[in-house]
Amino acid sequence: MAFVTGLLLIDAPASALNNLGNIPGEREENTVGVKVITTKAGAFPYVSAQALRYWLRTTLERRVPGWEASPIFREEKIAYTDANPIRYWDDDIFGYMRAPGKSDTAKKSREQMTTLDEATPVKDTITRASPFRVSTLVSIAPVNLTNDFGVMSRHEGNPVPHEHQFYRTTLKGLFSLDLWACGTFSYRNRTGFRNLDDERVRLITDIPNVQHLATDQSYRLPKADRIERVKALFSGMAQLEGGAKQTLHYTDVSPALVIFAVTNGGNHIFHHTVGANRNGLPEVKIEALREALRVFADSILSPVYVGWVKGYLDEARAGFEQFVAEHNATAADAGLPSIHLSHPREAFTAFVESFDQHPEWMD
């Protein structure tokens, strides 16, 4: 099975992209803190995987034509999407869980929901593990958090003080997409594996050219439809928007650097190719990348796409460009994958276009 395996860096020069609310015990009661991992080495600011997925989902809805977002329904204490991956690309790629509440309160709540009339009917619990996986975005090195003190003073009387934290760092995150799972839905009656109930099986079997994988107890959408969804996802990755405190710390969260490829297996082969140098600055570890390309040569099914914004770590980029030129000159003879170096948006665009020549990646 093939996966799209990659990592990305977000340049956060003075940012507070994911916050945890008020910090008890601070000098101001309304002091807002950032999410941070505290270790003996120091404080590592982070952005939760949930936040990153939210950024991407909203970007897809706003910026990618044709993206089918799933509607959300709310009962008294739970919320869920329509859980219809046949119709909604969002449910297919990002997964879902829909378990009708069995309490009298939950049943009464559903009865009062007029919007639920628009939902795909469901009587049993259905779930889908997301084919698209992301890590937490974590600072590549420990940093000192900055506390910014401000006041609201556009009124008569005493000013109202407020305070919040922010940081300067580079955030690193991993992503992986299971291409086989995209557009492939199980009806196996097993906890965690039942994507389709009887109603959804009926819906998918009405679609022309749907493939029935009887051995796997699954149905699969036509390959062209599956490819369209994958291409849309990575078109959205190229335009990523989001983040908290943007009115005060406007930060471009689109990747400043990204490395990815189609691989035969879900293990992340690029994780250790980017880290921090002794000064805490981001560094592409060329020897680690060289080793990954050699060791996993038989598992890399596509060129290795590297997107790197000019103006970001320019001195390091110059050395990397030399490495790429030397590597590509001998890669074919050595049986190694080539490296495609460009701007991150161009890298994602080239990758999206390559799917038309490599539909076998979806098998």
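Residues numbered from 1 in each chain as written. Predicted model: local features only at pLDDT ≥ 70, side-chain atom pairs only at ≥ 80, totals over all residues. Heavy atoms only, no water.

Visitor: What should I look at first to understand empty space enclosed by the protein in this one?
Guide: Any empty space left between the atoms is revealed when a probe the size of a water molecule rolls over them. What the rule picks out here adds up to one cavity of 30 Å³ or more. Every residue lining the largest cavity is listed: L8, L52, R53, L56, F132, V134, G173, L174, F175, M237 and L240. Those elements that provide at least two residues to the lining of the largest cavity are α1 (49-63), β10 (132-134) and β13 (160-178). (1 Å grid on protein atoms, 1.4 Å probe; cavity = no way out; pocket = protein on both sides within 12 Å on 5 of 7 lines; lining within 4 Å. Points joined across faces, edges and corners; volume = space filled by probe spheres on them. Helix = DSSP H or I, 4+ residues; strand = E, 2+ residues; numbered from the N terminus.)

Visitor: Help me out: how do you make sense of the nonpolar core in this one?
Guide: Within soluble globular proteins, side chains that are nonpolar tend to cluster in buried spots. Counting 49 residues, the largest nonpolar core has W55, L177, L179 and F234 as the members making the most contacts within it. For this core, the elements supplying multiple residues, two or more each, are β1 (2-15), α1, α2 (89-94), β13, α5 (223-237), β17 (257-264) and α8 (344-354). Considering every element that reaches this core, the biggest residue donor is α5, with six residues. Ignoring anything within four residues of it in the chain, the contact list for F234 reads V4, F175, L177, F348, F351 and V352. By size, the runner-up hydrophobic cluster in this structure holds 22 residues, among which are L257, V274, V304 and V324. (Core = buried A, V, L, I, M, F, W, Y, C linked by side-chain atoms within 4.5 Å. Buried < 20%, exposed > 50% of the residue type's maximum accessible area, 1.4 Å probe, protein only. Contact = heavy atoms within 4.5 Å.)

Visitor: Explain helix α6 (residues 286-295) to me, please; I cannot follow it from the model alone.
Guide: Since there are 3.6 residues in each turn of an α-helix, residues three or four apart along the chain are aligned in direction. Of the residues making up α6, those classed as buried are L289, A292 and L293. In an axial view of α6, the angular spread of the buried residues amounts to 95°, which keeps them on one side of the axis. Across α6 from its buried face, at more than 90 degrees, point the exposed residues E287 and R294. Buried-residue contacts for α6 involve β20 (304-308), α7 (314-334) and β21 (339-342). (Arc of directions from axis to C-beta.)

Visitor: Sorry, what's going on with the layout of surface pockets here?
Guide: As a volume, the largest pocket reaches approximately 440 Å³. Taken together, 17 residues line the largest pocket, and the ones lying closest to its centre are R57, I72, T81, D90 and G95. Elements with a minimum of two residues in the lining of the largest pocket: α1, β7 (79-81), α2 and β8 (96-98). When residues of the lining of the largest pocket are assigned to their parent elements, the largest contribution, six residues, is made by α1.

Visitor: Can you help me understand the packing of α1 against α5 in this one?
Guide: Packed helix pairs are specified by the crossing angle of their axes together with the interaxial distance, meaning the distance between the axes. Here α1 crosses α5 at 105°, and the two axes come no closer than 9 Å. One element, α1, and the other, α5, form an angle in the roughly perpendicular class. Residue-level inspection shows L56, T59 and L60 of α1 in contact with α5, the latter providing A232, L233, G236 and M237. Grouping the amino acids of the contact of α1 with α5 by side-chain chemistry returns five nonpolar, two polar and no charged. (Axes fitted to C-alpha atoms, helices over the stretch in contact; angles between N-to-C directions. Parallel < 35°, antiparallel > 145°, perpendicular 65-115°, else oblique. Nonpolar A, V, L, I, M, F, W, Y, C, P; charged D, E, K, R; others polar.)

Visitor: Where do I start with the sheet that holds strand β14 (residues 184-186) in this structure?
Guide: Two pairing modes exist for strands in a sheet, parallel and antiparallel, and in both the strands are linked by backbone hydrogen bonds. Spatial strand order, β14-β16-β15: three strands in an open sheet with antiparallel pairing. Edge positions in the open sheet fall to β14 and β15 (211-213), since each of these has one partner strand only. On average, adjacent strands in this sheet sit at an angle of 20° to one another, irrespective of strand direction. Bridge count between β14 and strand β16 (residues 218-220): three bridges; the pairing is antiparallel. (Pairing = 2+ DSSP bridges.)

Visitor: Quick question: what am I supposed to make of the side chain of S218 here?
Guide: Among the structural elements, S218 can be located in strand β16. A polar contact of 3.0 Å, which involves the side chain of S218, links it to the backbone oxygen of D216. Setting aside residues no more than four positions away along its own chain, S218 makes contact with T184, F185, S186, Y187, Q211, H212 and L213. (Polar contact = N/O pair within 3.5 Å; in protein donor to acceptor, adjacent residues only side chain to side chain.)

Fair warning: the whole summary comes from geometry, so function is off the table for now.
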